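Fold and geometry: a report
This is what each chain is made of:
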Amino acid sequence: MTDSLPRCPWCGSDPLYVAYHDREWGVPSRDDAQLFEMLLLEGAQAGLSWLTILRKREGYRRAFAGFDAARVAAFTADDVERLVADPAIVRHRGKIESTLGNARAFLELQARHGTFADWLWAFVDGEPIVNRWASLAECPSSTPLSERVSRALKKAGMTFVGPTIVYSYLQAVGVVNDHLVDCHRHPDRLGQR
């Protein structure tokens, strides 16, 4: 990236990572399709770098029916075998099988609450949590909020949704905004708070 905008240091200079940081990370989403996509991708990321997942995102989009939760929930054992052989995604059988079950649980939460977004955003009374960290060292890997959401997701039948994965998810979909205070994307710098 050739501009001199101050950014959170985790995104480095890779153009894909910088674009994700600048356009998506921390932006509040109430779109169920995007919320499902990010839930699928965060689960796939467990134990890997986020940049690895970003580089495979288009492969995931093709492999998982454009992140259509209803279609993914209908996948069969044959689909699992197809996906395990697909080099465009992370070929981890447990993560792939988890995605199918998580899609079913996602749809059940939608049915009970109107939208998944309504269910998720109720944890924060509809308003994003905006933190004011000065350094990455201050930013936690999990919080009491991520622990509550993780327990609720597990109770709904989801897997690969531990508190750390869920915290990353909450950051990704803007329920929590952890842009550092000197980052050009922090809400204080954007005049949003």
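Report on the accompanying structure.

The rules behind these values
- Residues numbered from 1 in each chain as written.
- Predicted model: local features only at pLDDT ≥ 70, side-chain atom pairs only at ≥ 80, totals over all residues.
- Heavy atoms only, no water.
- Helix = DSSP H or I, 4+ residues; strand = E, 2+ residues; numbered from the N terminus.
- Phe/Tyr/Trp six-rings, centres within 6.5 Å; stacked < 30°, edge-to-face > 60°.
- Buried < 20%, exposed > 50% of the residue type's maximum accessible area, 1.4 Å probe, protein only.
- 1 Å grid on protein atoms, 1.4 Å probe; cavity = no way out; pocket = protein on both sides within 12 Å on 5 of 7 lines; lining within 4 Å.
- Points joined across faces, edges and corners; volume = space filled by probe spheres on them.
- Nonpolar A, V, L, I, M, F, W, Y, C, P; charged D, E, K, R; others polar.

Comments concerning unusual backbone geometry
- Positive phi is not limited to glycine here, since Ala 65 has a value of about 50°.
- Along the chain, Ala 65 turns up in the loop between α4 (57-63) and α5 (69-73).
- At Phe 67, a position not held by glycine, the phi torsion is positive, near 60°.
- Of note, Phe 67 is situated in the loop between α4 and α5.

Quick look at the packing of aromatic side chains
- In the structure shown here, the tally under the stated rule is 10 aromatic pairs.
- Where Phe 116 meets Trp 119, the ring centres are 5.3 Å apart and the plane angle is 35°; that geometry is what we call tilted. Of this pair, Phe 116 and Trp 119 both sit in helix α8 (residues 116-121), separated by 3 residues, roughly a single helical turn. A single burial state applies to Phe 116 and to Trp 119, both of which are buried.

Notes on empty space enclosed by the protein
- Counting across every chain of the model gives 2 cavities of 30 Å³ or more.
- Roughly 90 Å³ of internal volume is contained in the largest cavity.
- Forming the boundary of the largest cavity are Phe 36, Leu 39, Leu 40, Gly 43, Ala 44, Lys 95, Ser 98, Thr 99, Asn 102, Thr 159 and Phe 160.
- Those elements giving two or more residues to the lining of the largest cavity turn out to be α2 (32-45) and α7 (93-113).
- At 5 residues, α2 tops the list of elements feeding residues into the lining of the largest cavity.
- Residue composition of the lining of the largest cavity, by class: 5 nonpolar, 5 polar and 1 charged.
- In this model, the second largest cavity occupies a volume close to 40 Å³.
- If you go around the second largest cavity, the residues you meet are Leu 40, Ala 44, Tyr 60, Phe 64, Val 90, Lys 95, Ile 96 and Thr 99.
- Within the residue set of the lining of the second largest cavity, elements represented by two or more residues are α2 and α7.
- With 3 residues, the single largest contributor to the lining of the second largest cavity is α7.
- Here the lining of the second largest cavity is composed, by residue class, of 6 nonpolar, 1 polar and 1 charged.

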